[in-house]
Amino acid sequence: MGSSALMNNYGTRKITLRKGQGVWVWDDQGNRYLDAISGIAVCGLGHAHPAVTKAIADQAATLTHCSNLYNIEAQEVLAERLRDISGLSKLFFSNSGAEANEAAIKLARLFGHKKGISEPAIIVMENSFHGRTLATLSATGNRKVHAGFEPLVRGFVRAPFDDLESLKKIASNNRNVVAVFVEPIQGEGGIHTPSADYLSGIRQLCDDQNWLMMLDEIQTGNGRTGTYFNYQHYDVKPDVVTTAKGLANGVPIGACLAGEKAADLMQPGSHGSTFGGNPLACAAGLATVDTIINDELCEQARVMGNYLKQQFASNLAGSANVVEIRGQGLMLAIELNEPCSDMVDSAAAQGLLINVTAQSVIRLLPPLIMTTEEADQLVDILSQLIKQRA
Ligand SMILES: Cc1ncc(COP(=O)(O)O)c(C=O)c1O
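Residues numbered from 1 in each chain as written. Predicted model: local features only at pLDDT ≥ 70, side-chain atom pairs only at ≥ 80, totals over all residues.

(A) Here's a closer look at the overall build of the protein. When helices and strands are tallied, the protein shows 13 helices and 15 strands. For 390 residues, the compact-globule estimate of 2.2 N^0.38 gives 21 Å, and the protein sits close to it at 21 Å. With the principal axes as the frame, the protein shows a C-alpha extent of 60 × 55 × 45 Å. Going through the 390 residues of the protein one by one, you find that 47% of them count as buried. (Helix = DSSP H or I, 4+ residues; strand = E, 2+ residues; numbered from the N terminus. Rg over C-alpha atoms; globule rule 2.2 N^0.38 Å. Buried ≥ 20, exposed ≤ 12 C-beta atoms within 10 Å, placed from the backbone.)

(B) Quick look at helix H4 (residues 97-114). The terminal C-alpha atoms of H4 lie 26 Å apart, and with 18 residues this matches the ideal 26 Å at 1.5 Å per residue to within 8%. Counted residue by residue, H4 has 14 buried out of 18 residues, so it is predominantly covered. (Expected span 1.5 Å × (residues − 1).)

(C) Layout of the packing of helix H3 (residues 73-86) against helix H10 (residues 279-294). The contact between H3 and H10 brings their axes to 8 Å, and the two run at 35°. The two elements H3 and H10 cross, and the hand of that crossing is left-handed. Seen from H3, the contacting residues are Ala74, Gln75, Val77, Leu78 and Arg81; seen from H10, they are Pro279, Cys282, Ala283, Gly285, Leu286 and Val289. (Axes fitted to C-alpha atoms, helices over the stretch in contact; angles between N-to-C directions. Left-handed = near helix turned anticlockwise from the far one by under 90°. Contact = placed C-beta atoms within 7 Å.)

(D) Just unusual backbone geometry, in detail. Proline 151 follows glutamate 150 through a cis peptide bond whose omega is 5°. Counting through the fold element by element, proline 151 comes out in the loop between helix H6 (143-146) and strand E6 (156-159). Non-glycine residue asparagine 210 carries a positive phi angle of around 55°. One can find asparagine 210 in the loop between helix H8 (198-209) and strand E8 (212-216). Unusually for a residue other than glycine, alanine 358 sits at a positive phi of about 45°. By the element assignment, alanine 358 lies in the loop between strand E14 (355-357) and strand E15 (361-364). Judged by the 17 C-beta atoms lying within 10 Å of it, alanine 358 is partly exposed.

(E) Spotlight on H3. Its 14 residues give H3 an end-to-end C-alpha distance of 20 Å, which sits within 8% of 20 Å, the value for a rise of 1.5 Å per residue. Here H3 has its buried residues at Ala74, Gln75, Leu78, Ala79, Leu82 and Ser86. The arc enclosing the buried residues of H3, seen along the axis, measures out at 130°, which places them on a common side. Exposed residues lying more than 90 degrees from the buried face of H3 are Glu73, Glu76, Glu80 and Asp84. Against the buried residues of H3 lie strand E4 (90-94), strand E9 (240-243), strand E10 (254-258) and H10. At the exit of H3 stands glycine 87, carrying a positive phi of roughly 80°. (Arc of directions from axis to C-beta.)

In structure tokens form, the structure reads like this:
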């Protein structure tokens, strides 16, 4: 399969997936794979989860879409659910992560203008990823993502990740800064978890400077790292949080949540979306969020993540090509000492779907519902492949 009618931005794709159930997917040849990437951190409940399937079917049979010209019940309930989980005040629904981040960037600019700053700037990090729209690719700290799309959107100042001193230096030099925008764990950049005091340090600095602390939890949110949002591992509350990916288990949706400092900046006409928060997406989102909470899947992600790290550590002990096994919850990485993109194909040939990012980092984002038996299969296949290369 593959069609010349599609633009080439994804390159050549080798597998055609037809069906999924739990952590398993099947291709058009009938081959079965253990899906350890979940559509890149999207299908946290696995494939064809009955609660989400039912919510989608019921909503599609009732009212798939109506515009934001009208009240949407599922949107209101999902917003209140996320408000309660996050401890923040209000939110805006988008259709994707990049759009949720666009809303956050717009909030920062509104916040700056309100303070009388005509050229507001946002501190963003090296090696970050925030999306592919023009503003979010400009915020992204990866030259490859910028290439060919210049001129970039202005108003971003870049700092090294996990370096509070560099943020303080910027604070003393740049009077236009209004916000810090950061992934609590860098995902596309290679699964980098910052020091334990990083987020609280940013919170303190944002309080001192009257900046917005904005977290991109597009990938880390929705239970993936062992708490509903990653910041809940720490004693901090950000001003703005974005999420998407795992929010509706595969139905496109994103959200930009805001606490008191930013919740009332948007006014009628400031922002909007035709599809954002429509009945279908919100019904799927509600079923997903309720399942994550009721089935205690945040806790399961924490337990299973620790189990996987232990199993990989013992299986790969002494493997000279393994640089580090790292991550939090079910957002895990095995970094090798050489480029290893070819492992995507060799793993698929053994019935395992993985991803390689930052050239040499095997990224694992399995469904939160994965059982110990399935985790053991993942460890066996992947450890053997890694050891074969050593
Ligand atoms: C941290 C982060 N932010 C933003 C995005 C962009 O999300 P989307 O592809 O839904 O626009 C991603 C996607 O990988 C991401 O990982």
